[in-house]
Amino acid sequence: MNEDRIGQGIIGGSSGLAAALCITLLGTHWPYSPPKPDPVEEARRLQLGPSGPGGPISAPSAPSGPDGLLQGDLFAMRTYAKVEPGGIGAAGFQWLSTPEPGSWRSGAGRKEGHQDFLAYTRSQLGQDDPRRQALVLRAVGPWPQHRRYLIPDITRFLTVYFQRPVRWEDPIGLGSEHRLSRDGARAHLQYPTGPILQQLRRELPRDALAVVGITAADIYPASSWQFVFGLADLRERVAVVSHHRLHPEFQGLDPTPERRALASVRFLRVLAHEIAHTLGLTHCVTFQCIMNGCNSLDEQDQAPLHLCPVCLAKLAWRLRWRIEARYGGLAHLLYKLRLPGASRFFRRQFARLQPLSPTPEVLLGPRRATYTQRGSPPG
């Protein structure tokens, strides 16, 4: 199989060809007018790059240190991510190392380049609709009873991670089209992502920041792909994710507490990755970041749950985050979800930015999660 079409679990390799072309064209050809708030105008003035103002850096020359980042990236890191360029490592962020053979960056990902901050802001012109505030979740197909515990965990995590209200709406069906797969412990059915995304697009609520279909079924985007963990459309604000392959039962293993915790982290990571795609982020080829692409479950396990300083700056600008409150809320929530390892990074960032004793409100983050409007959670 051509390595460019491998697709073994590419999280948001995922976005599909049409969406990938869309984000490239938007970032290159849209007429530019300075976005708000004002610090972005300052970043535009400072922007210098090998392709001119706002120009892309190709993947082979992706930044491997502060000197390789564009001036707009550095300004955005200081302003929105609260990270000084000289203190990236001390703040707990790490640069990507040379890609290993067989990894996503040595295969399909080698053609993806660095999405600088100014290119991102240009791609988001016209997207800042004040009505679009909610993350809308919809179950796709049957939801297994033994995984109902995921429902409140998903809702609470996404509420804090994206600092937006989350609600569930009515489930939708998987459709009749499918194929047989013999991966994993036993043969099972796989369903194409196309019909799922089409239905989500048709029923996109006016107030939705993004709509995500969540399924226990195995999914694939095209006949030449084995499967994907998730697929996102960068233009239409819709995505679908599957937790089928992320649980120990898929490998024929007993669901011990440790394996169940690992499956939860995997699924939360896929969800956040795909939602970030719907908000315009492309794959990160610069830092260890939740937006790294992956070619396998092992590679997915190496990706962190956090955003790198540049990707964080993009979403902090786009969604107007309070960085300290978000870090504190995630540290507190992940600890309560019995994921202390995942909590540790966010606790460190909170301590770095909030040296004084935190108040309960800061640690808890946003509390509301609306479960019903036109529907209800599955199960």
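Refer to the structure above for everything that follows.
Residues numbered from 1 in each chain as written. Predicted model: local features only at pLDDT ≥ 70, side-chain atom pairs only at ≥ 80, totals over all residues. Heavy atoms only, no water.

Attention now moves to the pattern of salt bridges. Oppositely charged side chains are able to pair whenever their charged atoms sit close together. One pass over the structure, following the stated rule, counts 12 salt bridges. The shortest N-O distance in the salt bridge between R245 and D218 comes to 2.8 Å. One end of the pair, R245, is in the loop between β8 (238-242) and α7 (257-278); the other, D218, is in strand β6 (residues 218-220), with 27 residues separating them in the sequence. Among the residues examined, R245 registers a relative accessible area of 6% and is labelled buried. Within this structure, D129, R131 and R132 form a network of salt bridges that share partners. (Salt bridge = Lys/Arg side-chain N within 4 Å of Asp/Glu carboxyl O. Helix = DSSP H or I, 4+ residues; strand = E, 2+ residues; numbered from the N terminus. Buried < 20%, exposed > 50% of the residue type's maximum accessible area, 1.4 Å probe, protein only.)

Quick look at the side chain of H247 now. With respect to the helices and strands, H247 occurs in the loop between β8 and α7. By relative accessible area, which is 3% here, H247 ends up buried. Those residues within four positions of H247 in sequence are excluded, and the remaining contacts are R147, Y149, L150 and A263. (Contact = heavy atoms within 4.5 Å.)

All right, on to the sheet that holds strand β4 (residues 188-192) then. The 3 strands are arranged β3-β4-β6 in an open sheet whose pairing can be described as mixed. At either end of the open sheet lies a strand with only one pairing partner, and these are β3 (179-181) and β6. With strand direction ignored, the average angle separating the axes of adjacent strands in the sheet is 45°. Here β4 runs beside β6; their pairing, made up of 3 bridges, is parallel. For P192, the partnering residue across the bridge sits in β6 and is Y220. Taken strand by strand, helix α6 (residues 193-202) contacts β4 and β6, and its axis lies near 50° from that of β4. (Pairing = 2+ DSSP bridges. Axes fitted to C-alpha atoms, helices over the stretch in contact; angles between N-to-C directions.)

Here we come to the nonpolar core. Side chains of a nonpolar character, in soluble globular proteins, are inclined to be buried together. Counting 78 residues, the largest nonpolar core has I154, F157, L158, F162, I214 and L307 as the members making the most contacts within it. When neighbours within four sequence positions are excluded, I154 is seen to be in contact with L137, W143, W168, I214, F267, L268 and L271. The next biggest cluster of nonpolar side chains, apart from the first, holds 18 residues, and it includes L200, A208, A217 and V228. (Core = buried A, V, L, I, M, F, W, Y, C linked by side-chain atoms within 4.5 Å.)

A few words now on the environment of T121. With respect to the secondary-structure elements, T121 resides in helix α4 (residues 117-123). Residue T121 is classed as buried on the basis of its relative accessible area of 0%. With 197 residues separating them along the chain, T121 and R318 place their C-alpha atoms 8.0 Å apart. At a separation of 2.8 Å, a polar atom in the side chain of T121 contacts the main-chain carbonyl oxygen of L118. (Polar contact = N/O pair within 3.5 Å; in protein donor to acceptor, adjacent residues only side chain to side chain.)

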